[in-house]
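Structural features, examined
Okay, here's what each chain looks like letter by letter:
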Amino acid sequence: MEELELKYGCNPNQKPARIFAQTGALPLTVLNGKPGYINFLDALNGWQLVRELKRATGLAAAASFKHVSPAGAALGLPLSDTLRQIYFVPAEAALSPLACAYARARGADRMSSFGDWISLSDPCDVPTALLIKPEVSDGIIAPDYTPEALAILKAKRQGNYNIVRIDPAYEPPKLERKEVFGITFEQNRNDLVIDDGFFANVVTQNNVLPDFAKHDLAVAMIALKYTQSNSVCYVKDGQCIGIGAGQQSRIHCTRLAGDKADNWWLRQHKKTLALPFLPGIKNPDRDNAIDRFISNEAEETVLSDGRWQTLFSHRPEELTAAEKKAWLKQLTGVSLGSDAFFPFSDNIDRAVQSGVAYIAEPGGSKRDPEVIDACDRYGVTMAFTGLRLFHH
């Protein structure tokens, strides 16, 4: 039995701690640093997510994990100039598909991605490593690293950055187990394959489900397979733009994820893009300032006298409630996935406020007719998948 001793478990008082393979060798190699218990939980969940995205789409994929749920996940599609700006990607930076995937995954919810664990579907290359270099991150898992990329990453955190290589050919046993309070749980691993056929059962009057929407719904549902339930995910252009994870109420998931999607869009408003940051402001401080600027508390925080002078060369003009409302109406064509059925139509009411036009959920609620009626009122296309995707 091969094992790897860990510094401690979920918390420093939980010692000893280890990971091990009951049979055969561990499919993991630690190339740098000393990853911990939670690091490996994030790494293995993230690896499954990006591996599945790559298999489903054929595109490079990346995920940014925090506390065993993705803060962002994305495919390696090209970045517009606006996305480069809001993701802090230098205009002159050469980007590979994998680097684009990472920039999107990290950039969707930069506040939540602070101190994340990165998962990559493909061997890490130099363009991706250069994007990771300035970010606050706990570690990375990938099937391999080019020598140049590995050297860049090893220099992070005074040489202590956690770098893990996983065997891409590794397949786990069919049965999985975990222990809670001395009791062993056992189940079949969730190896459900999500593809275009997953969304064939369209139940709404509007039955048009374009290929791009199927693509985005697949991204949403694959992300939800590895997100702590209850969970809801908003996706646009191959990237998650808002994930609500681990909420006891589904409407709270829908609101949380929708608020994150709104923030992603508000960061692209011309006033946000024009914020006159002082030279030398670090990325995390920019993230915090932008988050406050687009919130309802800007006047009391980043725009207050004595505060704005520490961030900006001059006091920015406020982004008003009316301007936010008008801008958010321009967010359209968003896809939404839910890991279980919507029990009330209030979820649809909230989703359309963030530009949702396409929905996938299992169905099976006694209030399905009410939910379908709500979609029909808004002209939303909804597919019932018939399969729940809880993850705990």
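Residues numbered from 1 in each chain as written. Predicted model: local features only at pLDDT ≥ 70, side-chain atom pairs only at ≥ 80, totals over all residues. Heavy atoms only, no water.

A look at the overall build of the protein chain
Helices and strands together make up the secondary structure of the protein chain, namely 13 helices and 15 strands. The C-alpha radius of gyration computed for the protein chain amounts to 21 Å, which stays within 12% of the reference 21 Å derived for 392 residues, consistent with globular compactness. By principal-axis analysis of the C-alpha atoms, the protein chain measures approximately 60 × 55 × 40 Å. Here the protein chain holds 392 residues, and the buried ones make up 52% of them. In the protein chain, 57% of the contacts between residues at least 6 apart in sequence involve partners at least 24 apart. Of the roughly 18000 Å² that the protein chain leaves accessible, carbon and sulfur atoms contribute 52%. Averaging the coordinates of the 43 positive side-chain charges in the protein chain and doing the same for the 46 negative ones gives two points 3 Å apart. (Helix = DSSP H or I, 4+ residues; strand = E, 2+ residues; numbered from the N terminus. Rg over C-alpha atoms; globule rule 2.2 N^0.38 Å. Buried < 20%, exposed > 50% of the residue type's maximum accessible area, 1.4 Å probe, protein only. Contact = heavy atoms within 4.5 Å. Areas by Shrake-Rupley, 256 points an atom, 1.4 Å probe, with all protein chains shown as cover. Lys, Arg positive; Asp, Glu negative; His and termini not counted. Charge placed at Lys NZ, Arg CZ, Asp CG, Glu CD.)

So, the pairing of strand β10 (residues 183-188)
As paired elements, strand β9 (residues 175-180) and β10 share six bridges and run antiparallel to each other. Counterpart to Glu-179 in the pairing with β10 is Thr-184. The hairpin turn running from β9 into β10, its antiparallel successor, is two residues long, and Phe-181 in that turn takes a positive phi close to 55 degrees. (Pairing = 2+ DSSP bridges.)

Notes on the side chain of Thr-254
With respect to the secondary-structure elements, Thr-254 resides in helix α8 (residues 250-266). Exposure remark for Thr-254: the relative accessible area of 0% places this residue in the buried category. If we skip the residues at most four places from it in the chain, Thr-254 touches Val-232, Tyr-234, Phe-342, Asn-347, Arg-350 and Ala-351.

Side note on the environment of Tyr-358
One can find Tyr-358 in strand β14 (residues 356-361). Residues Tyr-358 and Met-382, spaced 24 residues apart in sequence, show a C-alpha to C-alpha distance of 5.8 Å.

Overview of the pairing of strand β4 (residues 61-66)
Across the six residues that make up β4, a large majority, five, are buried. Pairing geometry for β4 and strand β5 (residues 69-75), over six bridges, is antiparallel. Opposite Ala-63, over in β5, you have Ala-73 as the bridge partner. With antiparallel pairing between neighbouring strands as the criterion, β4 and β5 make up a hairpin whose turn holds two residues, including His-67 at a positive phi of roughly 55 degrees. Sheet topology note: the β4/strand β6 (residues 116-120) ladder contains four bridges and is antiparallel. Residue pairing across strands places Ala-62 opposite Leu-120, the latter belonging to β6.

Some details on the packing of helix α1 (residues 37-57) against helix α7 (residues 211-225)
Between α1 and α7, whose axes approach to 9 Å, the crossing angle comes to 155 degrees. In terms of axis orientation, α1 runs roughly antiparallel to α7. Crossing angle aside, the handedness with which α1 passes α7 is right-handed. Along its contact with α1, which presents Leu-49, Glu-52, Leu-53, Ala-56 and Thr-57, the element α7 presents His-215, Val-219, Ile-222, Ala-223 and Lys-225. Looking at side-chain class alone, the contact of α1 with α7 contains six nonpolar, two polar and two charged residues. (Axes fitted to C-alpha atoms, helices over the stretch in contact; angles between N-to-C directions. Parallel < 35°, antiparallel > 145°, perpendicular 65-115°, else oblique. Left-handed = near helix turned anticlockwise from the far one by under 90°. Nonpolar A, V, L, I, M, F, W, Y, C, P; charged D, E, K, R; others polar.)

Some thoughts on the environment of Ala-74
In this fold, Ala-74 is placed in strand β5. Through-space distance from the C-alpha of Ala-74 to that of Pro-210 is 19 Å; in sequence the pair is 136 residues apart. With residues near it in sequence (within four places) discarded, Ala-74 still touches Leu-53, Ala-60, Ala-61, Ala-62, Ala-101, Arg-104, Ala-105, Gly-238 and Gln-239.

Geometric values such as these leave the question of function open.
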